[in-house]
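Below are the chains, spelled out letter by letter.
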Amino acid sequence: MSLIELFVLAVGLSMDAFAVAVCKGLSMKKITLKKAAIVGAYFGIFQAGMPLIGYMLGTQFQDKISAWDHWIAFVLLGLIGLNMVKESFEKEGCDEEKEMQESLGFKNMSVLAVATSIDALAVGVMFAFMKVNIVPAVSFIGVVTFTLSMVGVKIGNLFGVKYKSKAELAGGCILILMGVKILLEHLGILTF
């Protein structure tokens, strides 16, 4: 997996965290660098940790299903992407989670970080099948998510939820396209 592909994947994965960070920013009367960094750290650490766990699980079963790995990657990324696209059209705003959004405590942030990084677990399984060098990959995903989450807090504080659904839609489309690319490469249709 090239650095550009990894970057595109990291951005796609981080869009859920970005969307929640926008809601966090919306709920904050005054943001500080420290508050934005706390949000970014939770999302970045969990977004990096989940693929690592998925990778470890995937390596356990790699030999048994290596003939199907490209189909697995295609299906996992496709399902995750479709779910993100579907969520981007739902009208739920940040108000439903307003009480939860206001807290930057461990319990609150851990729940949000796990919820936004479940899809990264499946990507970690895909990484095992693709034999990706996992430490740089998850580090890169974590840094991208950390950065975009901090930006999301600021955008949320400035503009509200205007960009939340667009971010989820873009992230879902990116993941679907990555899955299609992997499938086409393994089928010999795409060769770059």
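Residues numbered from 1 in each chain as written. Predicted model: local features only at pLDDT ≥ 70, side-chain atom pairs only at ≥ 80, totals over all residues. Heavy atoms only, no water.

Mapped onto the fold, Leu112 is located in helix H5 (residues 106-130). A relative accessible area of 6% places Leu112 in the buried class. C-alpha of Leu112 to C-alpha of Asp16: the two residues are 96 residues apart in sequence and 10.0 Å apart in space. (Helix = DSSP H or I, 4+ residues; strand = E, 2+ residues; numbered from the N terminus. Buried < 20%, exposed > 50% of the residue type's maximum accessible area, 1.4 Å probe, protein only.)

Before going further, it helps to examine unusual backbone geometry. Leaving glycine aside, a negative phi is the common case for residues, and trans is the common case for peptide bonds. Non-glycine residue Lys131 carries a positive phi angle of around 55°. Within the secondary structure layout, Lys131 lies in the loop between H5 and helix H6 (134-159).

Before going further, it helps to spend a moment on H5. Counted at 1.5 Å a residue, the expected span for H5 with its 25 residues is 36 Å, and the 34 Å between its end C-alpha atoms agrees. At Ser117, H5 shows its maximal kink, close to 45°. Taken from the residues just after H5, Lys131 is the one with a positive phi, measuring 55°. (Expected span 1.5 Å × (residues − 1). Bend = angle between axes of the 7 residues up to and from the residue.)

In this section: the confidence of the model for the chain. Summary statistics for the chain give a mean pLDDT of 81 and a share of 87% for residues scoring 70 or more. Mean pLDDT in the chain bottoms out at helix H4 (residues 98-101), which sits at 44, and peaks at H6, which reaches 92. Between residues 96-101, whose pLDDT stays under 50, and residues either more than four places distant or in other chains, the model counts 15 contacts. (pLDDT = per-residue confidence, 0-100. Contact = heavy atoms within 4.5 Å.)

Turning to the packing of aromatic side chains, a few remarks are in order. Under the counting rule described, the total for this entry stands at 2 aromatic pairs. Taking the centre distance of 6.4 Å and the plane angle of 55° together, the rings of Tyr42 and Phe106 count as tilted. Residue Tyr42 is found in helix H2 (residues 33-65), and its partner Phe106 is found in helix H5; the two are separated by 64 residues along the sequence. (Phe/Tyr/Trp six-rings, centres within 6.5 Å; stacked < 30°, edge-to-face > 60°.)

To continue, consider the nonpolar core. A general feature of soluble globular proteins is that nonpolar side chains tend to end up buried together. If you look at the biggest cluster of nonpolar residues, it comprises 31 residues, and the most contacted ones within it are Leu9, Leu13, Leu77, Val123, Met126, Phe127 and Leu175. Looking at this core element by element, the count peaks at 8 residues for helix H1 (residues 3-27). Ignoring any residue separated from it by four or fewer positions in sequence, one finds Val123 in contact with Leu9, Leu13 and Leu77. Judged by nonpolar contacts, the second largest core, of 14 residues, contains Ala17, Val20, Met28 and Ala113. (Core = buried A, V, L, I, M, F, W, Y, C linked by side-chain atoms within 4.5 Å.)

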